[in-house]
Structure formats: structure tokens, C-alpha cells
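# Fold and contact review
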Amino acid sequence: MIESILRATLLGLQLGVTFALVAAGLTLIFGMMDVINFAHGALYMLGGYFGYTIATQFGSFWAALVLAPIIVGVLGAAMEKFTLRPLYGRNPLYHILLTYGLAVMIQGVVLEVWGASSQQIPRPGQFTGSITVGPVTYPTYWLFVLVVSTVILTVIWYAIENSNLGILMRASAHDTEMVNALGIDVSKVFTGVFVFGAALAALAGVLLGATRSVNPGMGAGIIIEAFVIVVIGGLGSFKGAVYAALLIGLVTAYGALVAPTLTELFLFVLMAVVLLVRPSGLFGATEAA
Amino acid sequence: MKASEYLEELADGTVLDRAAAGSGSEVLSSSQRVGVVIIAAVLVVFAPIADATSPFWLNILTRILIFGLLAVSLDFIFGYAGLLSFGHAAMYGTGGYAAAWLISEVTTNALVVLPLSIVVGCGVAAFIGWFSVRARGIYFAMLTLAFAQVFYVVILTDLPAQVLGVETITGADDGLFGIARYGVFGIELGGGLPYFYLTFGLVLASFAVLVRVANSPFGRVLQAIRENEDRVEFIGYNVQRYKLIAFTISGGFAGLAGGLYVPFQSVASPGLLNWTVSGELIVMLLLGGLGTFWGPILGAGVVIFLEEQLAGFATWEIILGTVFVVVVIFAPRGIAGSLETLASDPRAAVERTKEALSSYRESIKR
């Protein structure tokens with residue numbers, strides 16, 4: 001009993017930090033540009049597929065981990081420049097339709113290029129085994145994912161709070177016009193944040209592609225989880241997204257122990273309860289408008 | 001609204017958008033009504049011809065009508081009251097499941113089953129709405145999404161049967177299949193043509209009722225809530241109650257659409273309740289033209305037609321996605337909006353297209 005709980009805890013934390021990588025991009029993009037990016041799950045999926053191709057073609061998981069986020073980041077830049085930028089300042093609802101269309105498009109491209117069957121990214125040689133700590137046996141790959149994601153999230157957190165770039169980002173989100181008037185090209189900041197968010201999602205796609213599978217449904221699957229996380233954490237809040245992602249990761253893992261078929265139900269009930277008690281999410285701005 | 005906010009809206013064009021959309025004016029002008037009547041008459045006459053020559057097209061037409069009804073029910077709550085529901089699949093699906101269960105267990109009489117589908121749709125909407133109407137904007141959308149997904153999971157895992165300890169109620173992920181079509185007073189409506197007429201009559205009646213409600217004083221209050229919720233509340237209206245009633249009405253029509261769709265396909269599957277249905281519905285709505293009532297039906301028609309036509313190609317999703325992207329960048333008021341501009345002033349339409357193209361070039365150059 002205690003073993004399965006400990007095991008579920010680690011699985012939950014590992015899922016949580018990777019969810020946080022996806023949700024971080026989503027919440028930062030919303031916070032900066034008021035864009036609800038439906039295509040974010042599709043970018044995560046592209047990360048998984050590029051990772052799969054690179055890892056199997058070059059035989060190196062590490063090349064996949066580095067290259068896939070870069071490729072998806074470049075695609076993200078093109079997406080932002082050619083489709084999203086003309087829509088800034090319009091009602092955010094248009095972004096839903098636009099990014100929904102982009103998600104459908106990417107889904108079509110994935111089916112065309114990689115087919116409908118499910119794939120798996122081979123794990124790196126160093127992390128195929130498992131490790132026994134006390135009574136519990138963990139796959140070493142889980143620990144690897146946990147460490148890598150935690151490091152990345154910590155760096156981002158620190159950067160947002162302390163670096164000049166982070167301050168510029170927060171300032172642009174707070175008052176776009178003012179920052180513009182100070183002579184800073186805010187549209188470059190927007191592009192940067194979008195590219196960064198896309199690359200993070202792709203990174204998560206590679207990391208999870210070696211534990212879960214890489215398949216054409218993974219984008220639509222994760223986007224709902226990511227929305228739940230971002231809404232629970234408070235739209236636009238990075239800190240909120242990280243805490244909520246850990247919460248959702250643990251709920252998913254523990255839920256699988258108690259009632260495997262109902263885990264999804266727990267997620268939505270949790271989201272509904274949080275929204276009813278705190279309408280703007282755990283760390284959102286106080287006003288729910 | 002504070003003066004600064006108003007200026008901001010003026011600057012980004014939302015005020016102009018609203019003026020162009022004709023806020024406050026009557027829903028469906030008299031010339032548009034004539035158009036609706038003419039199209040309806042054409043459909044009535046051509047349905048038997050379509051049935052004789054290619055039943056496939058009659059089938060598609062019936063589906064377009066059902067999804068059109070669903071899209072109009074969403075337009076009522078979103079286009080008029082300004083509430084973006086991301087959970088319309090829940091009312092649609094439960095309405096459909098209610099019809100499936102009643103048909104296989106009780107009766108195939110449409111006069112019994114369809115009203116109960118509406119009641120179930122209203123009930124589910126009232127439940128979801130009661131929790132959700134206190135939230136605004138994107139948070140309302142997310143709450144409706146969460147509750148709709150709860151219904152989805154409950155039906156997918158057949159939770160009622162697990163709780164009651166019976167073998168099956170919703171059929172879990174297989175759904176309920178082999179659902180017979182309706183009969184009225186012993187007349188079977190099994191064939192393509194009778195079912196088309198049943199659907200057609202009900203969709204037309206629902207359309208008329210929704211237009212009537214939208215033009216009533218109640219509908220005007222909903223429009224006022226969309227424009228400025230706080231101000232309506234200060235005047236003394238109970239905004240929450242108006243929103244809840246509007247959401248419930250909308251849910252009833254979504255339930256009716258479900259009750260029409262399930263016997264038509266003879267299957268009730270959990271996929272009816274999934275969020276992708278709500279997403280596709282919003283696409284139909286925005287593509288067709290928000291807040292016009294006839295636009296969403298057009299949008300449903302275009303999406304279903306494209307899906308059918310392109311389904312043969314492996315790349316149909318790429319084409320469909322591209323169409324959405326192009327429409328939202330260059331024709332934000334949807335097909336209906338573009339057609340209205342074209343009809344009222346063709347020359348201005350050409351000018352506007354040029355402007356849209358040049359402003360697009362400007363915005364990506366920066």
C-alpha cells in the first residue's frame with residue numbers, strides 16, 4: 001500500500017512538472033497578449049513527433065531534446081508573425097477561432113506526415129533501468145524528467161522575477177502602451193514570449209513522448225489538461241500554473257490508484273470548485289472579468 | 001463604462017464593430033425574413049427531388065439543419081447575451097441520450113420523446129448555468145466547459161450504472177445503438193424524406209421562437225447585458241436571473257437538436273458530449289457570423305459541406321484549418337457579415353478587401 005502511494009507521488013510530481021512546462025507557455029501567452037492559444041496542444045504534439053523522428057533517425061535522444069524545441073520555436077515564430085499579429089487588439093474570441101483553425105491544420109499535417117499510428121520515443125540508454133529506494137522501485141527516466149523539468153522551471157521563475165527580460169515581460173503585460181512609449185518594441189517581446197512558450201511545449205512533448213506515447217490525439221488531450229491547470233492557477237500567473245500543475249499531476253496519479261476511470265472527473269470537479277470559491281483562480285488577479 | 005475604457009474600445013474598433021453589427025436593432029430585418037421564407041420554400045420543394053435523385057444530399061441537408069439549430073441555440077446565448085458557452089455539447093448530448101433511452105425503453109412517439117429531450121436539455125442547462133452565471137467572460141466559458149466535461153465523463157464511464165449497481169444505463173464508451181426513428185400517431189418517420197420534413201419543421205419553428213424571444217423585451221435586456229452588465233444591474237434588473245433563464249432556454253433547444261440527431265444516426269455515443277463538439281460549434285458560429293441567427297446555420301452548412309467534400313482527401317483537415325484561419329484574419333464578421341456588406345454596397349466591399357490586405361501586410365512587416 002505505502003509503496004504504491006510513494007510511487008504514485010513520484011509519478012504525480014513528474015507529470016506535474018511536465019504539465020507545468022506546457023501550462024507555463026499557455027499562461028504566459030495569455031498574460032501577455034490575452035490570447036487563448038488552442039494550438040498550444042498541437043505545438044506540444046509537434047514537439048513529440050519531431051523528437052520521435054530525430055531520435056530514431058539520428059539515434060540520439062539528446063539531439064531530439066535540443067533540436068525539437070528549436071524547430072517548434074521557429075514554427076511558433078512564423079505562426080505568431082503571420083496569423084496572430086494581425087489580430088492583436090481585436091476581441092480575444094477571434095484568437096480562439098484562429099488558433100483552433102491552426103490546431104486543426106497542424107493535426108492534418110501530422111496525420112499526413114507521420115500517419116495515425118502511435119509511436120514511442122526511445123529512452124536514452126542511461127535512463128532505461130530502474131532504481132530502488134527503500135521499499136519502492138522507480139524507473140530512472142521518471143527521476144530524470146523530474147530533475148530536468150524542475151531545473152528549467154526554477155530558472156524561468158527566477159528569470160521572470162529578477163532578470164531585466166523578466167521585468168520587461170511583466171511590464172509589457174501590465175501596460176503595453178506605456179512600454180511602447182518608452183521606446184521598446186513590444187511586438188518583439190510578444191514574439192519572444194510566444195516562441196518561448198512553443199519551445200517549452202515541444203520540450204514537454206519530447207520528455208513525455210518517451211513515457212506516454214506520441215500519437216495524433218495527444219495535442220487535443222493535453223490542451224484540456226493545460227486549460228484546467230491555467231484556470232485553476234489563475235489566467236496569466238506563472239506561479240499559479242506551476243502550483244496548479246503539481247496539484248493536477250498528483251490528483252491524476254492518486255486518482256489512478258483509487259478509481260482509474262474517474263480521474264478526469266476529479267480534474268473537472270476540482271476546477272469547478274476552485275472557480276466557484278475563487279472565481280479568478282488561485283493566483284489570478286482579484287477581479288474576475 | 002469609464003470614459004477611458006470607452007475611448008480604448010473606440011480606438012481598437014470594438015465600438016464600430018458593434019455599430020456595424022447593428023446592436024439594438026431588430027434581430028433579422030424584414031428583408032432577411034423574406035430571404036429565410038424563400039430559402040425555406042425552396043427546401044420544401046426540392047427535398048423530394050433530392051430524395052429521388054441523391055438521398056446522400058438529403059442526408060447531409062438534415063445534418064446541416066440539426067447542427068444549424070444547435071448553432072443558433074448557441075448564438076442566442078453568445079451573440080445576444082454575450083455569454084460564451086463552452087459546454088453546449090452537454091445539453092446536446094444529454095438530450096440525445098434521453099431520446100435514445102426513451103425510444104428503446106418506452107415509446108417512439110416524437111410528441112412524447114422530443115419534449116422530454118427539451119426538458120432534459122433545460123434541466124442540464126439550469127444546473128450548469130446556476131453555477132456558472134456568476135462568472136464573467138472567459139471564466140464563464142471555462143466553468144461551462146468544466147461542468148460539461150463532468151457530464152461527458154459520467155456518461156463515458158457509465159457512472160449511473162456503477163452507482164445503482166445495474167449492468168448498464170448509458171452503454172459506457174460503446175454508447176446506445178440501434179435507436180429506432182420516430183413515429184407520430186402510428187405513422188413511421190423512418191425514411192429520409194419524412195425525417196427531413198420532421199427536422200425541417202422543428203428547426204424552422206425553433207428558429208421562429210428564438211427570433212421572437214430575441215426581439216422581445218426579454219431579448220433586449222439580454223442585449224443590454226452583453227453591452228454593459230454593470231449598468232443593467234444598476235438600473236435594477238436581476239442580471240444573474242436573466243442570464244440563467246437565457247442559458248436554460250438555449251439549453252432546451254440544444255437538447256432538441258440532440259433528440260433529433262440521435263435517432264437520425266441511430267446511435268448515441270459519448271462523443272456527442274465531448275468538448276470538441278462545443279469547439280466545432282463555436283467555429284460554425286464565428287465562421288457564419290455571430291449574432292445574426294441565419295449566419296450560424298450558414299456556418300454549420302459550410303463546415304459540414306467542407307467536411308463531407310474534403311473527407312475523401314487525406315489532407316482535408318489542413319484545408320479546413322486554413323479556411324478558418326483565412327476567414328478570421330480577413331473576414332472577422334464571418335460569412336454573414338461579408339455577405340451583408342456585399343449586398344448593401346458592393347463597391348465598398350472591394351475597397352474593404354483592399355484595406356484588409358494592406359493592413360495585413362502592414363501588421364506583419366512591423
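This write-up is about the structure you can find in this document. As a convention, each chain's residues are numbered from 1 in the sequence order in which they are written. As a convention, the first chain written is A and the first ligand written is 1, with the rest following in written order. Given that the model is predicted, a residue must reach a pLDDT of at least 70 before its local features are reported, and side-chain atom pairs must reach 80 or more before they are shown or counted; all residues, however, enter totals for whole chains, interfaces and linings. In computing side-chain properties, one takes all heavy atoms of the structure into account and sets aside hydrogens as well as water.

Residues and elements named next belong to chain A. Tracing the backbone shows Ala23 in helix H1 (residues 2-33). Categorising residues by exposure relies on relative accessible area from a 1.4 Å probe, with only protein chains included: less than 20% of the type maximum marks a residue as buried, more than 50% marks it as exposed, and the intermediate range marks it as partly exposed. Of the residues examined, Ala23 reaches a relative accessible area of 0% and is grouped as buried. Residues in contact with Ala23, not counting those within four places in the same chain, are Ala226, Ile229, Val230 and Ala241. Put simply, DSSP marks the helices as runs of H or I at least four residues long and the strands as runs of E at least two long, and each gets a number from the N terminus on. By definition in these notes, contact holds between two residues if any of their heavy atoms fall within 4.5 Å.

Turning our eyes to something else, we now look at empty space enclosed by the protein. To find leftover empty space, a probe the size of one water molecule is rolled over the atoms. All names here are of chain A. Both site types are read off a 1 Å grid over the protein atoms alone. A 1.4 Å probe that fits but cannot get out defines a cavity, while an open set with protein on both sides within 12 Å along at least five of seven lines defines a pocket; lining residues have an atom within 4 Å of a point. Grid points are joined across faces, edges and corners, and a volume is the space filled by probe spheres set on the points. Counted by the stated rule, this structure contains two cavities of 30 Å³ or more. There is about 50 Å³ of room inside the largest cavity. Lining of the largest cavity is provided by Leu26, Phe30, Val35, Ile36, Asn37, Phe227, Val230 and Leu235. Secondary structure elements with two or more residues in the lining of the largest cavity: H1 and helix H9 (218-233). Three classes are used: nonpolar for Ala, Val, Leu, Ile, Met, Phe, Trp, Tyr, Cys and Pro, charged for Asp, Glu, Lys and Arg, and polar for all others, with Gly counted as polar. Taken together, the residues of the lining of the largest cavity break down into seven nonpolar, one polar and no charged. Each pocket or cavity is described by its volume, and for the second largest cavity that value is around 40 Å³.

Turning next to the interface of chain A and chain B. Listed by partner, the interface residues are 45 residues for chain A and 43 residues for chain B. With both chains or domains summed, chain A and chain B bury close to 4300 Å², and 77% of this area falls on carbon and sulfur atoms. Buried area adds together the accessible area that both of two parts lose upon being put together, with accessible area traced by a 1.4 Å probe. It is Leu97, Tyr100 and Leu276 of chain A in chain A that bury the most area against chain B; as a group they hold 14% of the surface buried on that side. Whenever Lys or Arg places a side-chain nitrogen within 4 Å of a carboxyl oxygen from Asp or Glu, that contact is recorded as a salt bridge. Linking chain A to chain B there are zero salt bridges. Identification of polar contacts relies on pairs of N or O atoms within 3.5 Å, with a donor-acceptor requirement for protein atoms, meaning one able to donate a hydrogen and the other able to accept it, and with residues adjacent in sequence counted only if both atoms are side-chain atoms. On the surface where chain A and chain B come into contact, there are two residue pairs in polar contact (both at pLDDT 80 or more). Broken down by element, the residue count for the side of chain A that touches chain B peaks at 15 residues, all from helix H4 (residues 92-114) of chain A. Residues that form the side of chain A that touches chain B fall into these classes: 33 nonpolar, seven polar and five charged.

Let us look at the packing of helix H5 (residues 140-162) of chain A against helix H8 (residues 186-209) of chain A. Residues and elements named next belong to chain A. Contact geometry of H5 with H8 gives a least axis separation of 11 Å together with a crossing angle of 170 degrees. As far as their axial angle goes, H8 and H5 are roughly antiparallel. For the pair H5 and H8, the contacting residues are Tyr141, Phe144, Val145, Ser149, Ile152 and Ile156 in the first and Phe196, Leu200, Leu203, Val206 and Leu207 in the second. Orientation is described by lines fitted to C-alpha atoms, with helices fitted over the stretch in contact, and by angles between N-to-C directions that extend from 0 to 180 degrees. Should an angle fall under 35 degrees it is called roughly parallel, over 145 degrees roughly antiparallel, and 65 to 115 degrees roughly perpendicular, with every other angle called oblique.

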